[in-house]
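Reading the structure
Chain by chain, the residues:
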Amino acid sequence: MNETIKTIASRYSCRDFADTPLTEEQVKTIVEAALAAPSAMNRQPWHIIMVTDKKLIDEMDEEGMKILGSAEDKSSYERIKSRGGKIFYNSPCMVLIVCDDSRFGIMDSGILTQNVSLAAHALGLGNVICAMANIPLSGDKGEEFKKRLKVPEGFGFGMAVLVGTAKSGKEPHELDFGKVTYIK
C-alpha cells in the first residue's frame, strides 16, 4: 500500500493532546500542505491563521464552554465535559481556516482542511477537525477574538484543525460500505 493511502487509512480524530508545542518545521510543513490545496478556478478563497498562542486557544476554549454551558440543549456541553471539559482538547495549535462568502468558499476550505489533517497525521501529529472553533467566534467575545486572530475583513469561519502531539491513540473509524452505491 502506498504511503498516501496508509496515511488516509490510519488517520483518526485525536481528542487528547500533550502540552508539547509544534516545531517551526512542523508549522511550516502544515502551512505548505494547506496552501497546496486545490480550489475552484484556483481562487483560493481562504486565509489560514496558525494559532500557537496557547493562552489565546485556552481563552477561546473557556468562552466556548461557557457558551455551550448556557445553551438550552446541554448535550454538546455534557459530551465535551465527559471528554475532559475542553473543546480544544488541550491542543497547542489551532489551524483556523477562514474564507470569503464566494460560491465555493466553504467547499474549498474543506479541501484545505483535509490537506492540513492528512499532513499533520503524516508528520506523526494528532489532529481533529473542529467545527466547534466557531462557537467562541460567534459569542459575545467573537469580535474581540476575530480582532486578536487578525481575521481579514469580509472573511468568516470555514473550519479549524487542532494539531499537536497525541497523548494517546485510537483506531480510525470503521469503514461503512453501506454508504456506497456502485453504478455499472
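Everything below is about the structure shown above.
Reference entry: report on the structure contained in this document. Sequence positions are assigned chain by chain, starting from 1 and proceeding in written order. Local features in this predicted model are restricted to residues whose pLDDT is 70 or higher, and side-chain atom pairs enter the listing and the counts only when it is 80 or higher, whereas totals over whole chains, interfaces and linings include all residues. To obtain the side-chain values, all non-hydrogen atoms of the structure were used and water was disregarded.

**Digging into the environment of Lys 66**
- Its place among the elements puts Lys 66 in helix 3 (residues 54-70).
- C-alpha of Lys 66 to C-alpha of Ile 135: the two residues are 69 residues apart in sequence and 9.9 Å apart in space. Secondary structure elements follow DSSP: runs of H or I of four or more residues count as helices, runs of E of two or more count as strands, with numbering from the N terminus.

**Quick notes on the nonpolar core**
- Each nonpolar core is a collection of buried residues, namely Ala, Val, Leu, Ile, Met, Phe, Trp, Tyr and Cys, held together in the definition by side-chain atoms within 4.5 Å. Under the scheme applied here, a residue whose accessible area is under 20% of the maximum for its type counts as buried, over 50% as exposed, and between as partly exposed, the area being computed with a 1.4 Å probe on protein chains only. Ranked by size, the top nonpolar core spans 30 residues in total, and within it Met 60, Phe 88, Met 94, Leu 96, Leu 149 and Leu 162 carry the most contacts.
- For this core, the secondary structure elements donating two or more residues are strand 1 (46-51), helix 3, helix 4 (75-82), strand 2 (93-99), helix 6 (134-138), helix 7 (142-149) and strand 4 (156-164).
- With five residues, the single largest contributor to this core is helix 3.
- One finds Val 27, Ala 34, Cys 93 and Val 95 within the second-largest nonpolar core, a separate group that totals 16 residues.

**Focus on the layout of surface pockets**
- Considered as a void within the structure, the largest pocket measures approximately 200 Å³ in volume.
- Classification used: nonpolar for Ala, Val, Leu, Ile, Met, Phe, Trp, Tyr, Cys and Pro, charged for Asp, Glu, Lys and Arg, polar for all others including Gly. In terms of residue class, the lining of the largest pocket is built from four nonpolar, two polar and one charged.
- Size it by volume and the second largest pocket reaches roughly 150 Å³.
- A cavity here means a set of points on a 1 Å grid, drawn over the protein atoms and nothing else, where a 1.4 Å probe fits but cannot get out; a pocket is an open set with protein on both sides within 12 Å along at least five of seven lines, and a residue lines either one if it has an atom within 4 Å of a point. For the second largest pocket, the full set of lining residues is Arg 15, Ser 76, Arg 79, Ile 80, Arg 83, Ile 87, Tyr 89, Val 128, Ile 129, Cys 130, Ala 131 and Met 132.
- Elements represented by at least two residues in the lining of the second largest pocket include exactly helix 4 and strand 3 (126-129).
- Per-class residue counts for the lining of the second largest pocket are eight nonpolar, one polar and three charged. Grid points are joined across faces, edges and corners, and a volume is the space filled by probe spheres set on the points.

**Comments concerning the packing of helix 3 against helix 4**
- At a minimum axis distance of 7 Å, the contact between helix 3 and helix 4 shows a crossing angle of 130°. Comparing their axes, helix 4 and helix 3 come out oblique. Between helix 3 and helix 4 lies a crossing of left-handed hand. Contacts from Met 65, Leu 68 and Gly 69 in helix 3 reach Ser 76, Tyr 77, Ile 80 and Lys 81 in helix 4.
- Tallied by class, the residues present in the contact of helix 3 with helix 4 amount to four nonpolar, two polar and one charged. Axis geometry follows a simple rule: fit a line to the C-alpha atoms, using only the stretch in contact for helices, then measure angles between N-to-C directions, giving values from 0 to 180 degrees. Note on angle classes: values under 35 degrees are labelled roughly parallel, values over 145 roughly antiparallel, values of 65 to 115 roughly perpendicular, and the remainder oblique. Definitions for this section: a left-handed crossing has its near helix turned counterclockwise from the far helix by less than a right angle. A right-handed crossing has that turn clockwise. Whether two residues touch is decided by their heavy atoms; if any such pair falls within 4.5 Å, the residues are in contact.

**Re the side chain of Asp 61**
- As for its placement among the helices and strands, Asp 61 is situated in helix 3.
- For the buried Asp 61, no salt bridge is present, and the opposite-charge side chain at shortest range is Lys 86, 4.9 Å distant.
- At 3.1 Å, the side chain of Asp 61 forms a polar contact with the backbone nitrogen of Ile 87.
- Those residues within four positions of Asp 61 in sequence are excluded, and the remaining contacts are Gly 85, Lys 86, Ile 87, Phe 88 and Tyr 89. Positive charge is attributed to Lys and Arg, negative charge to Asp and Glu, and no charge count is given to His or to the chain ends. Every case where a carboxyl oxygen of Asp or Glu lies within 4 Å of a side-chain nitrogen of Lys or Arg is listed as a salt bridge. In protein, a polar contact requires one atom able to donate a hydrogen and another able to accept it; more generally it is a pair of N or O atoms within 3.5 Å, and residues adjacent in sequence count only if both atoms are side-chain atoms.

**So, a nonpolar patch on the surface**
- Within the patch definition used here, like charges are joined within 9 Å and nonpolar side chains (Val, Leu, Ile, Met, Phe, Trp, Tyr) within 5 Å, considering only residues with over 30% relative accessible area and no salt bridge. Here the open area of atoms and residues is found with the Shrake-Rupley method and a 1.4 Å probe, where only the protein chains shown may cover a residue. A surface patch of nonpolar side chains, about 490 Å² in accessible area, is lined by Leu 175, Phe 177, Val 180 and Tyr 182.
- In this structure, Val 180 sits in the segment after strand 4.

**Details of the pattern of salt bridges**
- Scanning the entire structure with this criterion turns up nine salt bridges.
- Its salt-bridge partner being Lys 66, residue Glu 63 comes within 3.7 Å of it at the nearest N-O pair. Of this pair, Glu 63 and Lys 66 both sit in helix 3, separated by three residues, roughly a single helical turn.
- Assessed through its relative accessible area of 5%, Glu 63 is described here as buried.
- Residues Arg 148 and Glu 144 are paired through a salt bridge, measuring 3.4 Å at the closest nitrogen-oxygen approach. One end of the pair is Arg 148 and the other is Glu 144, both in helix 7 and four residues apart, which spans about a single turn.
- With relative accessibility at 36%, the residue Arg 148 sits in the partly exposed group.
- Given a relative accessible area of 39%, Glu 144 falls into the partly exposed group.

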